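Descriptive analysis of the structure
Now for the letters of each chain:
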Amino acid sequence: MMPFELSSDLVAALVFPGVLGILGFLVVAIWAERKLVARIQWRYGPLYVSKAIGGFLQPIADLVKLVFSELVLPRHTNRALFLSTPLALFIAEALPVAFIAAAPGLIIFYNPHGLAIAVVLWLLVAVFLVGMAWSEADKFTYIGAMREILLSAAYEIPLLLSLVAMLLLYGTADPYRVVELQNVWGVLLNPLAFLAFYISLVMSTTRFPFEIPEAEPEVVLGPYTEYGSTLFILSFGGTYVKLYAGALLGSVLFLGGWQPAVDTLSGALVTIAKMAALAFPLLILRAIYPRYRIDQALRFGWSKLLALSIAAVIFSIALRFAGVI
Amino acid sequence: MSIHVKLFLTALKNLAERQWTVRWPEERRDYSPAVRGFIVNDRAVCISCQLCEAVCPAKAIKFHLEQDGKRYPGIDWGRCILCGYCVDACPTGSLRHTPQVEITWRSLSTYKFPREMDPDAVSVEAGGRSLL
Amino acid sequence: MTEWPFNQRVGSTFFIDAEEKLLEGRRGMVLVVGPQHPGSGHMRLFVVLDGDLITEVVPDPGFVHRGVEKLAENRPYWTLIPLVEKASIMDSANITYPVVLALERALGLEPPPRAKYLRVLMAELSRVRTHLYDMALLGIFLGHSTAFMWSFAIQDLYAEVFAKITGARTTISYAVPGGVRRDIKPSHVELVEKLLAKTEAKLRDFKTLFLDNPVTRARLEGVGTLDAKAVAELGVVGPFARASGVRYDVRKVHPYDAYGELDFEIAVEKAGDAMARTLVRWREIYTSIDIARQILKSLPESDVIDQALLFKNPEYRREGISGVLGVYTYIYPELGEYHGMAEASRGLTYVQLFTTSSQRLYRMRLVTPSWRNLRAMVEAMRGQRLADMPAVYMSFGYFPPEADR
Ligand code: SF4
Ligand code: SF4
């Protein structure tokens, strides 16, 4: 491991995996998603803003446009809550990133139990989302919030179990040790855990086919219905931040983190490549699946997914006894 | 499981499909010369029989007196639905469609009965990209 | 649940009162879906929810009522065709069919065989197109944007072919009393053959990605089930009745124009759920393609317009155009009551004309399939989950402009 540089945590907070990484991911992921989905659907996707680079500046133009659009505050809401919950949500979705190392020395807060903290923080996000939906005081947001609660109940346990399986396997939650231990990638050691984790990731970032809380023809935009302008960026962009955190956690736990690189810069690049590989299928899911009904998603979460994650834990324990790691 | 793999492969296969979107105005759709576009009137042939006015379902045609003492049809483009009845009814063939399908005017006052239904005024050629 | 607030103002406590009254001691909610809701179309639905289950749906249609029947009373009979086809623009060849048939009876005209075949060809192409359009909306209502885009792309091929044959992409006004307005050329025959082949090729991937998708099946199977008895009682027509096993198709029961001479089977499903309604229409696409192929193969050689019309004024005839529109101003319908019936894409369309001795009508009665299916759609939504509402809605292919006329 590289010795800590003085300002490495500052670099991590501001550049990667911190603020710049998150904003960059927001832009790139939204652009890539629109472009890929458009290509699958025989369309061009974003194009007219910056034609030379395939409309890459379109999400940025959209962000700028949204910032300058009028912010409507419904009269009947609690304004303080209405304004603050999207911000809290955005920050909460970004917090898990702080405890995960993206490369040797690139971590915002080092803690020997960092990954466990990150997971717990990740699971707390739903609280803010429900609070946000509640403060909007609209029937459609209530329904969206109920669906969010039910859905998070369905994915939380499998997600937790799949991560527990990996932490059990490694015997540590130290963000550096976990990567060092992966001479063989985690996904090969325990594919069951990876599958459970990946499906739970799809559910927790409410991507298709589990895009149930914000199902448009049913509940308009679910918990995000009443927001516009900057608050919409914060609230709706939150799901992409969550995806970012999930991809980072997944690449550290399952894809061997920054291995085989050893120094900070190339390690960061390797991590970025792995995150992109993890996020790619999630981005084109929109073009492949319609959405499940909430009861079907719940049934799936509480039966097959739960069984899969329990099997993953058992498999990890077995591996541990067999002395594989 | 295999069905999900098949779904992904189908989606990825279509990444290579040519875009069907037509990038108007650099690219135009091909509607062939038969398309019912902007209507022009050949005044040398028109016999002022007013059949076109009689059949128009939208009551979009009005006649106006010209310098040569004859009456000619003028179309209110705010009403016209481009059904082509007037063209079909015209016994002399003086009214006809052009492939000009983008019909716009700069101001509200000029699209009502514009006098220039002159066949030479329309320069648009048929043809463009066909999706078939 | 007697009075519904079709005229309630903002700030009314109607819904709060209603919620308390409707579901005493239970946690009910009245959702107002539409007219500006992404999943309502041009209509409003009052949805009473008990938890996630729909206990009652009260539709409030009429947002796109354009008074077609009233307008028809004040204009010459030949202008009914562009008027009626605006009610269902995707289906314009089919929705004007009964009007044309009724007018032919009133005027005593008989189209020549080639015109009959051409009309049926257009009607079948229009049917494929409408089914694709409904499939697209079903896809987007289930969240499948690819199904939406692909269907729309494929149906645009039909618009292109319509433009090449008839001159317009959607509102084609092709059939007129006594024949059709333009003959087709050999190049058009090739064009249609190419169109059908391309449709079939592209629909293969569409089927894999949408109809065979396990998520789609999960969303549609067993949802909004209506049995044959319910369907008959509610007066459902078209593919939605055939999805419940009611074998009724005007094309078979009262064959009009060339349908009696063509060889085809109507698609019938037993299940009666949303999936069956989708599958019936899916199979009808292939039936229509088959019919179109048969027509292209056996297109009779003849004129495309009744000689009786040409006799009135032969010099009206011009290259490529039947040129009869002017003749209509000379002929008058017989005084009486006439009707026309045709199988439009979404079901039976019925027209009744009351003529006067002038060229203007006394009254036109137009019954469109979407209007008849509305009641059944609402019945099928009852007892389903909120998420099933859009699925049932579009499984009926409900098209508000067609229903409201
Ligand atoms: S129908 Fe033709 S000839 Fe008669 S007035 Fe109109 S344009 Fe002129
Ligand atoms: S195209 Fe139709 S609506 Fe337009 S002027 Fe001619 S008859 Fe009237």
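Shown above is the structure to which this text applies.
What comes next concerns the included structure. As the structure is a prediction and not an experimental result, all values here were calculated from the model.

1. Some remarks on the pattern of salt bridges
- In this structure the tally under the stated criterion is 54 salt bridges over all chains.
- Close ionic contact of B:Glu102 with B:Arg28 constitutes a salt bridge, the shortest N to O distance being 2.4 Å. One end of the pair, B:Glu102, is in the segment after strand 4 (95–97); the other, B:Arg28, is in the loop between helix 1 (2–13) and strand 1 (39–41), with 74 residues separating them in the sequence.
- Looking at B:Glu102, the relative accessible area reads 28%, which means it is partly exposed.
- Taking the relative accessible area as the measure of exposure, B:Arg28 reaches 35% and is therefore partly exposed.
- In this structure, the salt-bridge partner of C:Arg181 is B:Asp88, at a minimum N-O distance of 2.7 Å. Here C:Arg181, found in the loop between strand 5 (179–180) and helix 8 (186–211), pairs with B:Asp88, found in helix 3 (residues 85–89), and the two come from separate chains. For the pair formed by C:Arg181 and B:Asp88, the shared burial category is buried.
- Because the salt bridges share partners, they merge into one network encompassing C:Glu124, C:Arg127, C:Arg242, C:Asp249, C:Arg251, C:Glu284 and C:Glu343.

2. A few points about the interface of chain A and chain B
- On the chain B side, the residues contacting the 15 residues of chain A number 17 residues.
- With both chains or domains summed, chain A and chain B bury close to 1,600 Å², and 64% of this area falls on carbon and sulfur atoms.
- Considering only the side of chain A, the residues that lose the most area to chain B are A:Arg39, A:Trp42 and A:Tyr44, jointly responsible for 45% of the buried surface there.
- For the pair chain A and chain B, the number of links is 1 salt bridge.
- Across the pair A:Lys51 and B:Glu26 runs a salt bridge whose closest N-O atoms are separated by 3.3 Å.
- Seen at the junction of chain A and chain B, the total is 5 residue pairs in polar contact (both at pLDDT 80 or more).
- Counting only elements with at least two residues in the side of chain A that touches chain B, the list comes to helix 2 (19–40) and helix 12 (264–288) of chain A.
- A total of 5 residues in the side of chain A that touches chain B trace back to one element, the largest contributor, which is helix 12 of chain A.
- When the residues that make up the side of chain A that touches chain B are grouped by side-chain class, the tally is 12 nonpolar, no polar and 3 charged.

3. Remarks on the sheet that holds strand 7 (residues 347–355) of chain C
Residues and elements named next belong to chain C.
- Read across the sheet, 3 strands follow the order 6-7-8 without closing on themselves; strand pairing throughout is antiparallel. Lying at the two open borders of the sheet, with one neighbouring strand each, are strand 6 (336–344) and strand 8 (361–367). Within this sheet the neighbouring strands show an average axis-to-axis angle of 15°, counted without direction.
- Alignment of strand 7 against strand 8, held across 6 bridges, turns out to be antiparallel. Its bridge partner lying in strand 8, Phe 354 is registered against Arg 363.
- Against the sheet, helix 5 (residues 97–107) engages strand 6 and strand 7, with an angle of about 150° to strand 6.
- Sheet strands touched by helix 15 (residues 369–381): strand 7 and strand 8. Its angle to strand 7, the strand with the most contacts, is close to 125°.

4. With respect to the sheet that holds strand 2 (residues 44–50) of chain C
- With respect to topology, 3 strands assemble into an open sheet ordered 1-2-3 (chain C), the strand pairing being antiparallel. The open sheet has two edge strands with one neighbour each: strand 1 (28–33) and strand 3 (53–60) of chain C. Geometrically, the sheet is characterised by an average inter-axis angle of 20° between neighbouring strands, direction not taken into account.
- Relative to strand 3 of chain C, strand 2 of chain C runs antiparallel, the two sharing 7 bridges. Bridge pairing links C:Val47 to C:Val57 in strand 3 of chain C.
- Against the sheet, helix 6 (residues 139–170) of chain A contacts strand 1 and strand 2 of chain C, and its axis sits at roughly 120° relative to strand 1 of chain C.
- Of the strands in this sheet, strand 2 and strand 3 of chain C touch helix 15 of chain C, which is tilted by about 160° from strand 3 of chain C.

Scoring rules and cut-offs
Residues numbered from 1 in each chain as written. Chains lettered and ligands numbered in written order. Predicted model: local features only at pLDDT ≥ 70, side-chain atom pairs only at ≥ 80, totals over all residues. Heavy atoms only, no water. Salt bridge = Lys/Arg side-chain N within 4 Å of Asp/Glu carboxyl O. Helix = DSSP H or I, 4+ residues; strand = E, 2+ residues; numbered from the N terminus. Buried < 20%, exposed > 50% of the residue type's maximum accessible area, 1.4 Å probe, protein only. Contact = heavy atoms within 4.5 Å. Buried area = accessible area lost by both parts, 1.4 Å probe. Polar contact = N/O pair within 3.5 Å; in protein donor to acceptor, adjacent residues only side chain to side chain. Nonpolar A, V, L, I, M, F, W, Y, C, P; charged D, E, K, R; others polar. Pairing = 2+ DSSP bridges. Axes fitted to C-alpha atoms, helices over the stretch in contact; angles between N-to-C directions.

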